[in-house]
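One-letter residues, chain by chain:
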Amino acid sequence: MTQGKDFEIFLATAPGLEPVLCAEMRGKGFKQPKPVPGGVVFKGGWPEVWRANLWIRGAGRVLARIDAFRVLHLAQLDGRARRVPWGSVLRPDIPFRVEASCTGSRIYHSGAAAERIETAIRETLGAPQVPEPEIVVMARIEHDVCTISLDTSGELLHKRGHKEAVNRAPMRETMASLFLQQCGYDGSEPMLDPMCGSGTFVIEAAEIAARLNPGRSRHFAFEQLATFDADAWQRMRAVKSARVPAARCYGSDRDAGAIAMSRANAERAGVAGHTEFRHCAISDILPPAGPPGLVIVNPPYGTRIGDRATLFPLYRALGQVLLSRFAGWRVGIVTGEPALAQATALPFLPPGAPVPHGGLRVTLFRTSPLA
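Thresholds, definitions, all that
- Residues numbered from 1 in each chain as written.
- Predicted model: local features only at pLDDT ≥ 70, side-chain atom pairs only at ≥ 80, totals over all residues.
- Heavy atoms only, no water.
- Helix = DSSP H or I, 4+ residues; strand = E, 2+ residues; numbered from the N terminus.
- Rg over C-alpha atoms; globule rule 2.2 N^0.38 Å.
- Buried < 20%, exposed > 50% of the residue type's maximum accessible area, 1.4 Å probe, protein only.
- Contact = heavy atoms within 4.5 Å.
- Lys, Arg positive; Asp, Glu negative; His and termini not counted.
- Charge placed at Lys NZ, Arg CZ, Asp CG, Glu CD.
- Polar contact = N/O pair within 3.5 Å; in protein donor to acceptor, adjacent residues only side chain to side chain.
- Pairing = 2+ DSSP bridges.
- Axes fitted to C-alpha atoms, helices over the stretch in contact; angles between N-to-C directions.
- Core = buried A, V, L, I, M, F, W, Y, C linked by side-chain atoms within 4.5 Å.
- Left-handed = near helix turned anticlockwise from the far one by under 90°.
- Nonpolar A, V, L, I, M, F, W, Y, C, P; charged D, E, K, R; others polar.

A. Highlighting the overall build of the protein. Along the protein, the regular secondary structure elements total 10 helices and 14 strands. Taking 2.2 N^0.38 as the reference for a compact globule, 371 residues should give roughly 21 Å; the C-alpha atoms of the protein span a radius of gyration of 23 Å, in line with that estimate. Overall, the protein is about 70 × 45 × 35 Å in size when its C-alpha atoms are taken along their principal axes. The buried share among the 371 residues of the protein stands at 51%. Excluding contacts between residues fewer than 6 apart, the proportion of contacts in the protein whose partners are at least 24 apart in sequence is 77%. Separation between the mean location of the 44 positive side-chain charges and that of the 35 negative ones in the protein comes to 4 Å.

If you want it as structure tokens, here you go:
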């Protein structure tokens, strides 16, 4: 694999959100992204890998697929792994480890497969192997084809690098961003989350509105690769795309601690000036002055926090407030319980497929502008 040659790049997301991630990538100028199960693939080089990590809000990680070959047994894997040009991508002084998975293949023992590849890298490159390194080589053996990838992100990309405080049952920033995009949010209108918790939806929306890169505050695993060009990366990071948002983003919560948490997180993210948080109950929420926008909320849904049966009055109250006070606003509600969503009596559009989230499956229920 040479510096100038394009290769396949895979951006992972939760199953069910692949088309939304693909649309985000198209909107940010990536060429011919294609949704596949569990993510989106496109062709590019190392600058595209860096850009995807820095720019894309909805991806959980970015994998660079550096080689693929057919293997039928471990001895063949051992020999073939030694012919991968490891020195063109890995550094001999940077520790690594290998993760392997096997599906429908004659090689079925993932631990043994990982061990063969680790030995091949260690003996051909000399790189040290440690349990928790920054560099992870991923081998997927599927139907007797072994695909070798590098995890170029390191820590998962929902860890933006500027959010410290979280509340119970937090939604990952990557998923929140894709749900905002699914609701048609592009930063040009106000948004409100009336159960904002630690402020994830509000901060993501404000960052979209301010055109801030999601990866601006963190480091990435690709900075430890042989392909890394520190000067080119510095130039890429230095490009300023920020703008003053056209509208503010609002959050409220009945928990005063959640409001304090949200304000602190917004401050660290650099969007305190574009956000407003208020301590109040659902019954007290009012639309902000100005044009209508988007209300998006991730209420409790019983299987995770509290008892499901006690939540119907909460959802009914939320629906009544939105229907009576938020004419012209669109609504997005994320819940694991369709019956709770229906308790709002909101006029939902046909929902998409459920999406895995924290061991549950959740669905985004959306409306058109309310009458």
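B. Quick look at the side chain of Arg330. Turning to its location among the elements, Arg330 is positioned in strand S12 (residues 330-335). Note on Arg330: relative accessible area 18%, which makes it buried. A distance of 2.9 Å separates a polar atom in the side chain of Arg330 from the backbone oxygen of Cys183. Not counting the four nearest positions on each side in its chain, Arg330 is found in contact with Cys183, Gly184, Tyr185, Glu189, Gly293, Leu294, Val295, Thr367, Ser368 and Pro369.

C. Inspection of the sheet that holds strand S1 (residues 7-12) at higher detail. Spatially, the 7 strands line up as an open sheet ordered S2-S3-S1-S4-S7-S6-S5, and their pairing is mixed. Since the sheet does not close on itself, it has two edges, and those belong to strand S2 (34-36) and strand S5 (96-103), each with one partner. Each adjacent strand pair in this sheet contributes to an overall mean axis angle of 30 degrees, direction not counted. One ladder, built from 6 bridges, connects S1 with strand S3 (residues 39-44); its direction is antiparallel. Within S3, the position partnered with Phe7 by the bridge is Gly44. Those strands touched by helix H4 (residues 110-125) are S5, strand S6 (135-142) and strand S7 (145-151), and its axis lies near 145 degrees from that of S5.

D. Layout of the nonpolar core. Within the largest apolar cluster, 112 residues are counted, with the highest numbers of intra-cluster contacts made by Leu11, Trp86, Leu90, Phe179 and Met191. With 8 residues, helix H6 (residues 200-210) is the largest single contributor of residues to this core. Beyond its immediate sequence surroundings of up to four residues, Phe179 is in contact with Leu17, Met171, Phe201, Ile296, Val334, Val362 and Leu364. Ala12, Val41, Val136 and Met138 belong to the second-largest nonpolar core, a separate cluster that totals 6 residues.

E. Region of interest: the sheet that holds strand S9 (residues 249-253). Spatially, S10-S9-S8-S11-S12-S14-S13 is the arrangement adopted by the 7 strands of the open sheet, whose pairing is mixed. Each of the sheet's edge strands pairs with one partner strand only, and the pair in question is strand S10 (275-279) and strand S13 (355-357). With strand direction ignored, the average angle separating the axes of adjacent strands in the sheet is 20 degrees. In this sheet, S9 lies alongside strand S8 (residues 191-193) in parallel orientation, the contact comprising 3 bridges. Across the sheet, Met191 pairs through a bridge with Cys249, a residue of S9. In the packing of helix H5 (residues 173-182) onto the sheet, the strands contacted are S8, strand S11 (294-297), S12, S13 and strand S14 (360-366), and the crossing angle to S14 comes to about 30 degrees. Contacts from helix H8 (residues 256-269) reach S9 and S10, with the element oriented near 165 degrees to S10.

F. Broad picture of the packing of H5 against H6. Axis separation between H5 and H6 bottoms out at 9 Å; the angle between their running directions is 65 degrees. Our pair here, H5 against H6, has a crossing hand that is right-handed. Contacts from Glu173, Ala176, Ser177, Phe179 and Leu180 in H5 reach Thr200, Phe201, Glu204, Ala205 and Ile208 in H6. A class-by-class count of the residues in the contact of H5 with H6 yields 6 nonpolar, 2 polar and 2 charged.

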